[in-house]
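Spelled out, the chains give:
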Amino acid sequence: MQADVVVLGAGMIGVSIALHLQKRGRHVVLLDRRQPAEEASYGNGGVVHREGVFPYTFPRDLSEVLRIANNRQVDAVYHLTALPGLAGRLFRYWWHSSPSRYAAITREYAPLIAGCVQEHRVLAREAGSADMLRPVGYLRAHTKARQLELELAKAAKAKSEFGVNYTALDRAGIRQTEPHLEGPFLGAVHWVDSNAVNDPQALALSYVALFQRLGGMFVTGDAGTLARQGAGWRVATADGGSVEAAEAVVALGIWSDRVTRRFGYAPPLFGKRGYHLHYRMNGNAFLSRPVVTDSFLLAPMRAGLRVTTGAEFARPDAPPTPVQLRRAEPIARSYLPLTEAIEAEPWMGIRPCLPDMTPVIGPVPAQPGLWAAFGHAHHGFTLGPITGRLLAEMMTGDTPLVDPTPFRADRF
Ligand SMILES: Cc1cc2nc3c(=O)[nH]c(=O)nc-3n(C[C@H](O)[C@H](O)[C@H](O)COP(=O)(O)OP(=O)(O)OC[C@H]3O[C@@H](n4cnc5c(N)ncnc54)[C@H](O)[C@@H]3O)c2cc1C
């Protein structure tokens, strides 16, 4: 099968790239070893984080490092056996989290975040799924005075420096906004510009359907078979055939470096694993929008009330260890009248992270015709459409809507 471009990986990032290239007249084949959006893009919190101008840092405060080091927390845990392999990357993550580095990173990252809702809206309108993007924002609610103080300071900065809107809520305000949410919350920030999606995979699948309506093809196959063929690329498909294309894009989330390393590019990618489980709620209880508490997220989904966890540092292919969910469940039950869990086993997904908290979007060094887009960490669902547009503009010689320099692959 011949194509102009083969996009490897059909998560939110790969799907959005394939769609944007197809819209620009390229003949695109999208390839995945599974069906589209079955990994990280399936089970996330469904928040389009317009406020996400401040990516998640590595803690710099010793007391915070010691808190996490005891490995009994809800928000972050680690596998001891994974630490030797991760140490170098985590050290770089810590280094990039210094106040001066972080300020520079935030300035570079903010323009990408700025267009996230708008770019989702454009694709969703064309895909007929605009009503899935609910303009209800989300809450960050805190039970600790210091955390609330920091959140309010962050909100004020996001507003003054980046024009992000928010409403500060006291206890009564939380009660009014989410009448069924109980708990010792001191206050919350309602990030009003962000959107909430109650089935992230369904939104991604609506983009795949649009891509196919425009003439794009989805095939299954293993991206690990990618090989040079003349000036272009060849990858084997599951039906025994192959795709041959002038250009290839690696958008394989956490698995991206497994392919790029074979072509001499070894970015310091690492995973933050997260879990979810759905619950039913008693009577007429409901939650109108996602709520991030001190240590986990509650999100109303089609499938039920989704509890998702923070970061687990582990080898990507280590067996799941959902201790954070077990620790979060009793707390979640004290916040909402949850009844039984809907699934027997939790879902697990992996956030693809880079030490400078910034994704790679651009050409792979020294490999003409090979492009990459991965490492979107906590914001890959948010940044799919704008990443797709940016990379498609770079590949087709259009003027990029944001400066791609901070995202270049050769910074590693
Ligand atoms: C618990 C949790 C909550 C989150 N909440 C949010 C949120 O609220 N908002 C937000 O913006 N982000 C959120 N994220 C982050 C977001 O989900 C990810 O950043 C995003 O999904 C990454 O998308 P991706 O396309 O890069 O990767 P993925 O969605 O993981 O897609 C990678 C694809 O590559 C395919 N693949 C891998 N290897 C091969 C191979 N060899 N051959 C063929 N195909 C292959 C996989 O099958 C997969 O389909 C959350 C993540 C988690 C885990």
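In the block above lies the structure referred to throughout.
It should be emphasised that the depicted structure is a prediction, and the values quoted were computed from it without experimental measurement.

### Focus on the overall build of the protein
For the protein, the count of helices and strands is eleven helices and 21 strands. Taking 412 residues into account, the globule formula puts the C-alpha radius of gyration at 22 Å, and the protein, at 21 Å, falls close to it. Each principal axis of the C-alpha atoms in the protein carries an extent, and together these give about 65 × 45 × 45 Å. By the burial criterion, 49% of the 412 residues in the protein qualify as buried.

### Quick notes on the site of the ligand
Around the ligand sit 39 residues in total, of which Gly 11, Gly 45, Gly 253, Gly 274 and Gly 380 are the nearest. Going through the elements one at a time, α1 (12-23), β13 (270-281), β19 (347-353) and α11 (380-396) are the ones with two or more residues in the shell around the ligand. Here the residues of the shell around the ligand sort into 13 nonpolar, 19 polar and seven charged.

### With respect to unusual backbone geometry
When glycine is set aside, most residues are seen to have a negative phi, and most peptide bonds are trans. One non-glycine residue, Asn 71, lies in the positive phi region at around 65 degrees. Despite not being glycine, Ala 377 shows a phi value in the positive range, around 50 degrees. By the element assignment, Ala 377 lies in the loop between β21 (370-374) and α11. Judged by C-beta crowding, with 21 C-beta atoms within 10 Å, Ala 377 ranks as buried.

### Some thoughts on the nonpolar core
One finds Val 6, Val 7, Leu 8, Val 15 and Val 249 to be the most contacted residues of the largest nonpolar core, which totals 113 residues. Contacts of Val 6, omitting those with residues within four sequence positions, involve Val 29, Leu 31, Trp 233, Val 235, Val 243, Ala 245 and Ala 248. Grouped together as the second largest cluster of nonpolar side chains are five residues, Ala 76, Val 77, Ala 311 and Phe 313 included.

### Section: helix α10 (residues 323-335)
In this model α10 runs 19 Å from its N-terminal to its C-terminal C-alpha over 13 residues, within 8% of the 18 Å that 1.5 Å per residue would give. If you look at α10, its biggest bend is around 35 degrees, right at Glu 329, and the proline Pro 330 turns up within four residues after that. Residues of α10 that are buried include every one of Gln 324, Leu 325, Ala 328, Ala 332 and Tyr 335, and no others. Buried positions along α10 lie against β4 (76-78), β13, β15 (296-301), β16 (304-309), β17 (311-313) and β18 (338-341).

### Overview of the packing of α1 against α11
Helix packing geometry: the angle between the two helix axes and the distance between the axes. At a closest axis distance of 7 Å, the pairing of α1 and α11 adopts a crossing angle of 35 degrees. In this structure, the crossing between α1 and α11 has a hand that is right-handed. Listed contacts from α11 to Met 12, Ile 13, Val 15, Ser 16, Ile 17, Leu 19, His 20 and Leu 21 of α1 are Gly 380, Phe 381, Gly 384, Pro 385, Thr 387, Gly 388, Arg 389, Leu 391, Ala 392 and Met 395. In terms of residue class, the contact of α1 with α11 is made up of eleven nonpolar, six polar and one charged.

### Describing the pairing of strand β12 (residues 242-250)
Sheet analysis places strand β1 (residues 2-8) next to β12, joined by six bridges and oriented parallel. Residue pairing for β12: Val 7 is matched across the bridge by Val 249. Strand direction decides the pairing type here: strand β11 (residues 232-236) and β12, joined by four bridges, are antiparallel. Each bridged residue has a counterpart across the sheet, and for Arg 234 the counterpart in β12 is Glu 244. Linking β11 back to β12 in an antiparallel pair, the connection comprises five residues, with Gly 240 at a positive phi of about 90 degrees. Here β12 pairs with β21 via three bridges, running parallel. Each residue of the ladder has a partner; that of Ala 248, found in β21, is Leu 370.

### Section: the environment of Gly 45
Mapped onto the secondary structure, Gly 45 falls in the loop between β2 (28-32) and β3 (47-48). Once the C-alpha coordinates of Gly 45 and Pro 200 are considered, the two residues, 155 residues apart in sequence, prove to be 7.8 Å apart. Filtering out sequence-adjacent residues up to four positions away, Gly 45 remains in contact with Pro 290, Leu 297, Ala 299 and Thr 308.

### A few points about helix α6 (residues 145-162)
Here α6 contains 18 residues, and its C-alpha end-to-end distance of 25 Å stays within 8% of the 26 Å for a straight helix at 1.5 Å per residue. Taken residue by residue, α6 has Leu 148, Glu 151, Ala 155 and Ala 158 as its buried positions. Buried residues of α6, viewed axially, fall in a sector of 85 degrees; they line one side. Those residues of α6 that are exposed and aimed more than 90 degrees away from the buried face are Ala 145, Arg 146, Leu 150, Ala 153 and Ser 160. Tucked into the core, α6 has its buried residues touching β5 (138-142), β6 (167-169) and β7 (187-191). Downstream of α6 by a residue or two, Gly 163 has a phi angle that is positive, lying close to 65 degrees.

### Regarding the packing of α1 against helix α8 (residues 200-213)
At a minimum axis separation of 9 Å, α1 and α8 run at an interaxial angle of 25 degrees. On the basis of the axis angle, α1 is roughly parallel to α8. Between α1 and α8 lies a crossing of left-handed hand. Contacts from Met 12, Val 15, Ser 16, Ala 18, Leu 19 and Gln 22 of α1 reach α8 at Ala 204, Tyr 207, Val 208, Leu 210 and Phe 211. Classifying every residue of the contact of α1 with α8 by side-chain character gives nine nonpolar, two polar and no charged.

### Points about the pairing of β21
Among the five residues that make up β21, five are buried, leaving the element largely enclosed by the rest of the structure. Both faces of β21 are covered, namely the face carrying Leu 370, Ala 372 and Phe 374 and the face carrying Trp 371 and Ala 373. Of the strand pairs in this sheet, strand β20 (residues 360-363) and β21 are connected by four bridges, and their pairing is antiparallel. Within β21, the residue paired with Val 360 across the bridge is Phe 374. Here β20 folds back onto β21 in antiparallel fashion, the turn holding six residues, of which Ala 366 has a positive phi close to 60 degrees.

Conventions and cut-offs
Residues numbered from 1 in each chain as written. Predicted model: local features only at pLDDT ≥ 70, side-chain atom pairs only at ≥ 80, totals over all residues. Helix = DSSP H or I, 4+ residues; strand = E, 2+ residues; numbered from the N terminus. Rg over C-alpha atoms; globule rule 2.2 N^0.38 Å. Buried ≥ 20, exposed ≤ 12 C-beta atoms within 10 Å, placed from the backbone. Near = placed C-beta within 6 Å. Nonpolar A, V, L, I, M, F, W, Y, C, P; charged D, E, K, R; others polar. Core = buried A, V, L, I, M, F, W, Y, C linked by C-beta atoms within 7 Å. Contact = placed C-beta atoms within 7 Å. Expected span 1.5 Å × (residues − 1). Bend = angle between axes of the 7 residues up to and from the residue. Axes fitted to C-alpha atoms, helices over the stretch in contact; angles between N-to-C directions. Left-handed = near helix turned anticlockwise from the far one by under 90°. Pairing = 2+ DSSP bridges. Arc of directions from axis to C-beta. Parallel < 35°, antiparallel > 145°, perpendicular 65-115°, else oblique.

Scope: geometric values only; no functional claims are made or implied.
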